[in-house]
Amino acid sequence: MAAYVYVELSITDREGFQEYIQKAPISIAAYGGKYILRAKLSEELEGSRPAPILVVLEFPSIQIAKEWWSSKEYAEAKAIRQKTATSKMSLFEALQPST
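Residues numbered from 1 in each chain as written. Predicted model: local features only at pLDDT ≥ 70, side-chain atom pairs only at ≥ 80, totals over all residues. Heavy atoms only, no water.

Colleague: Lay out helix 3 (residues 72-84) in plain terms, naming residues and giving numbers.
Modeller: Between its terminal C-alpha atoms helix 3 stretches 19 Å, which fits the 18 Å expected from 13 residues at 1.5 Å a residue. Within the sequence span of helix 3, burial applies to Tyr 74, Ala 77, Lys 78, Ile 80, Arg 81 and Thr 84. Residues of helix 3 that are buried in the fold lie against strand 1 (3-11), helix 1 (14-30), helix 2 (62-69) and strand 4 (85-93). (Helix = DSSP H or I, 4+ residues; strand = E, 2+ residues; numbered from the N terminus. Expected span 1.5 Å × (residues − 1). Buried < 20%, exposed > 50% of the residue type's maximum accessible area, 1.4 Å probe, protein only. Contact = heavy atoms within 4.5 Å.)

Colleague: Give me the nonpolar core: which residues, what numbers.
Modeller: Core analysis: the largest hydrophobic core is formed by 18 residues, its most contacted members being Val 5, Tyr 20, Leu 57, Phe 59 and Trp 68. Of all the elements in the fold, those that place two or more residues in this core are strand 1, helix 1, strand 3 (53-59), helix 2 and helix 3. Not counting the four nearest positions on each side in its chain, Tyr 20 is found in contact with Pro 25, Tyr 74, Ala 77, Lys 78, Ile 80 and Arg 81. (Core = buried A, V, L, I, M, F, W, Y, C linked by side-chain atoms within 4.5 Å.)

Structural data, given as structure tokens:
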């Protein structure tokens, strides 16, 4: 069953974050992942204010998403993200197969 990594992101160092933008997609693809959504907040409709950037990644399974998260391929990009942005990342498993 598919798994989704949900990311709320606030970039604190735009110049430094550019390196993350170059490195992260390579590691995501290496684990069969893909970007489902990359979006900038347009308007808050209800509830507390989320981070200004939202990213959703899809992986083939929870296990593969966890392997990517802790992989040597993502380690350098993760360190860059943690240095140049504040983020909240959550892992979700699909309730039913996607069509």
